[in-house]
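Residue-level structure breakdown
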Amino acid sequence: MRLPQFTYHSPDTLQGVLVLLDEYRDQAEVLAGGTDLLVRMKQRLALPEVLVSLKHLDTLSYIKEAPGMLCIGAKTPIIDVIRSDKVQQQAPALVQACERIGAVSIQHFRGTIGGNILQDNRCIHYNQSLLHRSGRQPCHKDGGKICYARDEADRCNSTCQSDGAAALTALDAHLVLNSIRGERREALDAFYTTDGIHPFDMQPDELLTQIDIPLVPGAVSAYERLSFRSAIDYPIVCAGVRLVPNPDDSGCIGSARIVVGAMGRSPLFLAQVSRSLAGVAFDDTAALEKAAKDAMNAAAAFAAHNAGAELAYRQAMVEKMVVRALTQAAARVFTRKAR
Amino acid sequence: MQTIDITLTINEQTHILAVKPNDTLLEVVRDYLDLTGSKEGCGEGVCGSCTVLLDGHPVRACLTLALEADGSAVTTVEGLADEDTLSPLQQSFIDHGAVQCGFCTPGMLMSATALLKEQPHPDRKAVRKALSGNICRCTGYAKIVDAVEHAARPASGCPDCHTKDTGGDHD
Amino acid sequence: MTDYSLIGTRMPRMDSRAKVMGKARYTADLKLPGMLVGKILRSPYAHARILNIDTSRALALQGVKAVVTGADTEGVKWGVFAYTRDQQFIQTEKVRYIGDEVAGVAAVDEETALKALDLIHVEYEELPAVFDPMTAMTTDTEPIHAAFPNNINIHVNIDTGSVEENFAKAHYIREDTFTAPEESYFHGEPYAVAARFDYDDCLEIWMPNGGPHMKSKPLSNAFKIPLHKVKVKKITIGGAFGGRSEICPADYICALLAKKTGHPVKIVFTREENTIATRQGHAMITTHKTGVDREGRVLARETTCYMDGGAYSSTGPIATSVPFLSMEQAYRMGSVRYNGYRVYTNKPIRGMIRVHGRGFACGLDTQLDMIAEHLGIDPREMRLRNSRQPGEFTSTGSQVWSCAMDETIKKATAAAGWSEKFAKLPPFHGIGIGTNSVQTGFPMGIRGGSQSFIKFNEDGEATVMSGVVDNGQGNENMLVQIAAEELGLLPEDIHLVSADTETTSSDPGSYSQVSTFVGGQAVKVAASNCRKKLFAVAAKILKTDPDKLTAKNRMIYVTDDPEKSVSIKKTVRVALLNFTSVNAEGGYWPKVDMKREWVSNPYGQMCEAFSFGTTIIEVKVDPDTGRVTVLNAVACQDVGKALNPLVLEGQFEGSVAMGGQGGMLTEYHDWREGRCLNPTMLEYKVPLACDMPEITDIIVESVYPENPMGPYGAKEAGMSIAMSAAQAYAGAVSNAIGVYMDSFPLTPDKIVAAIRGKRQAGK
């Protein structure tokens with residue numbers, strides 16, 4: 001399958017990239033690993049006139065600790081995140097998510113953590129060839145006025161299927177974005193527009209450069225995802241959780257972040273359900289199960305026929321993924337104590 | 001359309017090629033250099049038939065622009081043998097019946113070669129995991145797993161392992 | 001000669017070396033001087049009339065060398081059978097599925113060809129479309145083919161008589177309906193065609209195929225050139241699995257473009273085209289009504305099957321029949337009535353596939369398990385009470401000679417620990433059994449036999465010419481193995497000229513499971529004829545009688561006095577110096593009932609040999625998510641004679657993966673208005689290495705020494721496992737969750753729903 005034509009630039013410096021993004025704006029796409037962008041280009045879903053490659057920007061590949069934070073460069077390969085001692089200890093949910101991304105020989109060496117977060121939203125009706133799409137009305141994301149994932153919908157119902165984004169949202173990650181205008185930070189859970197067509201609150205001249213994970217003392221995290229096969233597939237539902245113990249050492253949850261992914265147009269940070277876990281004991285299985293059920297009820301409304309699995313099943317599995325993630329994270333409190 | 005000159009070292013041979021920006025590494029090795037061992041099975045990075053080693057790491061050649069590989073060292077299946085002498089892994093594939101239609105074989109060999117460089121004696125679980133990005137429709141993977149596992153360490157119970165005095169390292 | 005040098009050994013395949021070196025050439029790897037890139041324009045509509053096609057802008061594009069449409073053809077409709085001629089190679093009047101061929105272009109490169117496709121303007125008038133057999137049969141919208149007013153393409157009716165009578169005698173009767181959507185082959189290699197006309201107006205054409213002689217005849221007809229001018233060439237093939245047998249419009253379009261441009265043309269399919277524009281497996285709704293006696297023996301069965309055939313007939317009569325045939329071969333039935341309906345729908349074309357009717361077969365075995373439970377019989381015992389025995393006749397009158405079905409059941413269940421496990425496993429652990437039988441061939445009329453020629457070179461090595469094709473299963477190695485054995489040479493002394501219609505004689509093709517039985521036997525006969533000639537010459541050299549000689553290891557020697565020997569090389573040279581040659585031919589035509597026909601006369605001897613397979617699967621189901629982990633797989637097949645256990649095991653293992661792991665757990669096509677939602681390898685889930693279980697292979701042999709049919713007694717190998725594996729997976733999951741499943745494949749959502757349904761029913 002032949003890629004469409006484009007002009008290619010591979011600047012040597014970050015500034016070089018930013019200048020080009022400022023010049024070409026909507027006509028340009030950033031090329032990191034290419035495992036998402038190039039597929040969409042082959043399907044003629046993305047037709048950038050210019051590709052700005054991060055080939056020479058190895059300066060954006062790093063994992064380092066700063067006060068109270070773990071900072072990961074956006075161009076860090078997935079394999080480096082998986083293998084990092086720091087991430088394994090401080091943010092295990094992210095390691096679990098990265099291990100499940102696609103397959104080792106597809107994304108793990110060539111794919112980047114930034115690229116994984118910034119992968120476009122997906123829908124089984126949208127991510128198809130021109131032949132498939134040409135004999136019917138285009139959908140919202142394809143420039144039309146109809147949604148095939150949800151009847152009568154007046155907006156796009158594509159979903160964010162990024163494993164990394166779900167885990168990082170649970171970890172309360174913040175993004176650092178750069179442009180020639182300067183640098184800005186944004187919380188990941190505020191970064192989503194909930195617009196399936198343009199899912200990210202990002203200007204066309206901006207580049208994601210760094211992902212910051214706040215290090216909260218005692219915090220535990222976990223990530224669970226479901227797919228039919230054990231590799232290659234996108235998740236049909238996933239859950240990331242972070243639990244922070246109550247500082248009074250009572251063995252109770254101080255605060256929780258429960259995130260459900262591959263359901264909505266963005267990772268769904270379920271604030272209300274998360275709040276309901278405050279004060280709950282880590283080993284209160286019944287409370288964790290109830291929270292998982294509440295998460296399912298909250299997330300179910302967002303489900304649409306945008307993935308290759310039965311809708312009712314995906315909704316029901318939210319509960320299973322959330323309870324497993326919560327149980328795993330809670331168990332990490334005890335293993336840490338046991339050390 | 002304008003072409004750009006790149007330098008690609010493929011199977012230890014350096015080439016200077018004039019490529020188009022939208023040429024993939026797969027198209028360059030197959031169409032420009034007639035190295036047709038790497039295959040296009042799906043064009044979207046899923047099947048693994050196009051797997052090559054880029055600076056030693058397994059990647060999808062169909063999703064790698066040739067320009068992105070400029071200055072890099074690429075190994076394709078044609079680079080595994082030393083002229084007519086097969087690598088122990090290639091020989092193991094033959095001996096264990098791991099090759100049926102052969103279409104997935106080059107990609108399997110590349111993923112397995114990368115694995116064995118990193119883990120010289122992987123167990124079956126590790127082999128299966130490393131090969132999970134390579135789709136085979138003929139073998140059910142069973143003999144491929146045997147071939148990779150036994151390439152580095154022949155198994156005494158296996159009727160297809162031909163114990164040789166291999167001496168030193170395996171790749 | 002029961003002391004073989006090569007037969008029965010674990011012989012690594014001689015074609016593996018080129019494949020591991022990346023040197024084997026598949027169709028898409030071919031580069032011919034001046035070659036153009038071909039692309040096909042396909043209908044974006046499921047059902048539409050073609051009002052007008054304007055190719056002028058495409059023709060005007062720089063770099064475009066030819067554009068062809070239906071107007072460049074004679075509009076003749078082609079079909080595998082005389083009574084199934086319903087497909088034009090390029091549509092002239094209407095399109096019948098999304099993907100139907102409307103035009104072809106040849107250009108200097110892929111980008112230009114793709115641009116040219118965009119410039120072809122087709123005016124369509126959309127017509128109402130139908131997407132499932134039940135709607136298709138009862139709709140009052142325009143039929144898909146005018147000659148078939150209710151969209152019923154094929155109706156196979158088989159009735160042994162006495163069905164009602166026997167139901168009346170039955171102790172217990174069950175009627176159950178089972179459904180399965182379509183599945184696909186997902187060959188590693190996407191389809192491709194390369195074609196050129198040479199200086200002699202001969203068509204040379206390469207494509208993955210299940211039988212080159214099946215391709216050459218329709219091309220000869222279509223281009224009105226004699227068969228000797230159609231050269232379907234040998235090429236390495238990346239899988240067929242039943243889906244690459246008959247001519248395909250792309251073959252014709254590629255050749256037509258080559259003719260028009262005077263250049264070689266190559267068309268390479270995308271993965272999506274390979275899925276929707278070649279063949280798929282049929283979706284089926286199967287109702288089995290079975291009446292048994294007190295011991296569980298089947299007295300009467302009535303089966304009705306509605307198959308979603310897609311837009312054209314393809315090998316419809318065969319596909320409509322084989323699920324029934326496998327059933328009647330494996331199981332004894334007092335009486336049976338079968339009505340199989342293949343129905344047109346506006347979807348991609350369905351054909352033969354390695355698991356012929358998974359819904360049918362899994363439904364059959366699931367129902368046997370249900371009956372077994374009702375009667376208090378173990379499923380293993382249920383199979384043994386109904387299993388085929390040697391010497392018996394199938395319901396439609398095929399005699400079964402070589403048969404070791406019971407041995408496969410007993411050995412497989414023993415290896416899997418069946419009696420320790422069945423009904424004794426913890427909750428959500430299950431074990432299942434599947435048994436099936438596959439015909440080694442079927443009546444193929446004029447193309448039923450195979451003929452081989454063997455010539456010797458002066459250096460004592462031999463070239464074997466055979467029409468047999470290798471799709472990856474190891475047929476080439478099989479021919480080399482047999483020829484080397486019979487000639488007394490080493491495998492490396494044998495060169496193959498095969499699968500080439502210019503140089504080889506007609507052969508039935510691999511898709512009817514006869515490459516070994518018929519093609520291999522033809523080579524064996526030819527080789528033994530060579531050996532007779534060699535012995536005649538050697539006998540003179542050694543001053544003895546020909547019947548006292550043995551050929552082995554490149555030597556001919558007196559059997560009882562091996563020191564008295566002469567090399568084969570010398571024997572060949574002596575022959576040539578004495579005005580004679582040791583070349584020979586040999587052929588084999590299976591003795592089948594040539595009057596047997598799929599639809600008009602489905603009775604009589606189907607083939608000479610049947611394979612029998614039993615698969616046992618043990619699973620663990622996660623009741624929360626419905627995900628299935630396979631703990632153990634045992635595959636056991638009666639292959640007649642194991643020519644090469646290494647290759648056989650590979651066939652069994654691939655069969656477990658395709659038929660069972662994929663076919664029963666994750667593979668199915670999802671549709672929206674005739675549009676395939678999962679044509680790619682991402683969204684259609686074929687099994688991966690990390691999800692496959694370890695597999696135990698058990699080979700069973702059953703050779704009749706007085707009449708070892710097939711070379712050394714070898715029968716088809718692998719397909720009985722593909723089918724029985726599907727059945728065993730279904731049985732195991734049903735057993736694990738305590739619910740008999742009737743809708744396949746058993747994806748996690750169905751399993752979760754079944755578990756929930758059972759819980760609620762229990763309340």
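**Quick word on the packing of helix 11 (residues 379–386) of chain C against helix 12 (residues 405–416) of chain C**
Residues and elements named next belong to chain C. Two elements in contact, helix 11 and helix 12, have axes whose closest approach is 10 Å; the angle formed by their N-to-C orientations is 165°. Between helix 11 and helix 12, the angle falls in the class roughly antiparallel. Crossing handedness for the pair helix 11 and helix 12: left-handed. Listed contacts from helix 12 to R380, R383 and L384 of helix 11 are D406, I409 and T413. Here the residues of the contact of helix 11 with helix 12 sort into 2 nonpolar, 1 polar and 3 charged.

**Some remarks on the nonpolar core**
Ranked by size, the top nonpolar core spans 406 residues in total, and within it L94, A295 and V322 of chain A together with V105, A483 and V733 of chain C carry the most contacts. A483 of chain C has contacts with I454, A462, V464, I494, V523 and A527 of chain C, leaving out every residue within four places of it along the chain.

**Brief notes about the pairing of strand 24 (residues 610–621) of chain C**
Residues and elements named next belong to chain C. Counted residue by residue, strand 24 has 11 buried out of 12 residues, so it is predominantly covered. Note that strand 16 (residues 429–439) and strand 24 share 11 bridges and pair antiparallel. The partner of I431 across the bridge, within strand 24, is E618. Bridge count for strand 24 against strand 25 (residues 628–638) is 10 bridges, and the pairing is antiparallel. Across the sheet, residue T615 finds its bridge partner in strand 25, namely A635. Counted along the chain from strand 24 to the antiparallel partner strand 25, the turn is 6 residues long, and its residue G626 has a positive phi close to 80°.

**Structural notes on the sheet that holds strand 28 (residues 695–700) of chain C**
All names here are of chain C. As summarised here, the arrangement of the 4 strands in space is 16-24-25-28, forming an open sheet in which the pairing is mixed. With one partner strand each, in any of the chains shown, strand 16 and strand 28 form the two edges of the open sheet. This sheet shows a mean twist of 15° between the axes of neighbouring strands, independent of strand direction.

**Some details on the interface of chain B and chain A**
The partner chain A presents 24 residues to the 24 residues of chain B that form the contact. In terms of residues, the side of chain B that touches chain A owes the most to one element, strand 4 (residues 57–60) of chain B, which gives 4 residues. Partitioned by chemical class, the residues of the side of chain B that touches chain A number 9 nonpolar, 12 polar and 3 charged.

**Considerations on the domain arrangement of chain A**
Many structure descriptions define interface size as the accessible area lost when the parts assemble. Residues and elements named next belong to chain A. Under the domain assignment used here, chain A contains domain 1 (1–56) and domain 2 (58–118 + 159–338). For domain 1 and domain 2, the distance between their C-alpha centroids amounts to 27 Å. The interface of domain 1 with domain 2 comprises 14 residues on the first partner and 16 residues on the second. When residues of the side of domain 1 that touches domain 2 are assigned to their parent elements, the largest contribution, 6 residues, is made by helix 1 (residues 14–24). Class assignment of the residues belonging to the side of domain 1 that touches domain 2 gives a composition of 8 nonpolar, 2 polar and 4 charged.

Rules of the game
Residues numbered from 1 in each chain as written. Chains lettered and ligands numbered in written order. Predicted model: local features only at pLDDT ≥ 70, side-chain atom pairs only at ≥ 80, totals over all residues. Axes fitted to C-alpha atoms, helices over the stretch in contact; angles between N-to-C directions. Helix = DSSP H or I, 4+ residues; strand = E, 2+ residues; numbered from the N terminus. Parallel < 35°, antiparallel > 145°, perpendicular 65-115°, else oblique. Left-handed = near helix turned anticlockwise from the far one by under 90°. Contact = placed C-beta atoms within 7 Å. Nonpolar A, V, L, I, M, F, W, Y, C, P; charged D, E, K, R; others polar. Core = buried A, V, L, I, M, F, W, Y, C linked by C-beta atoms within 7 Å. Buried ≥ 20, exposed ≤ 12 C-beta atoms within 10 Å, placed from the backbone. Pairing = 2+ DSSP bridges. Domains from an automatic or database assignment.

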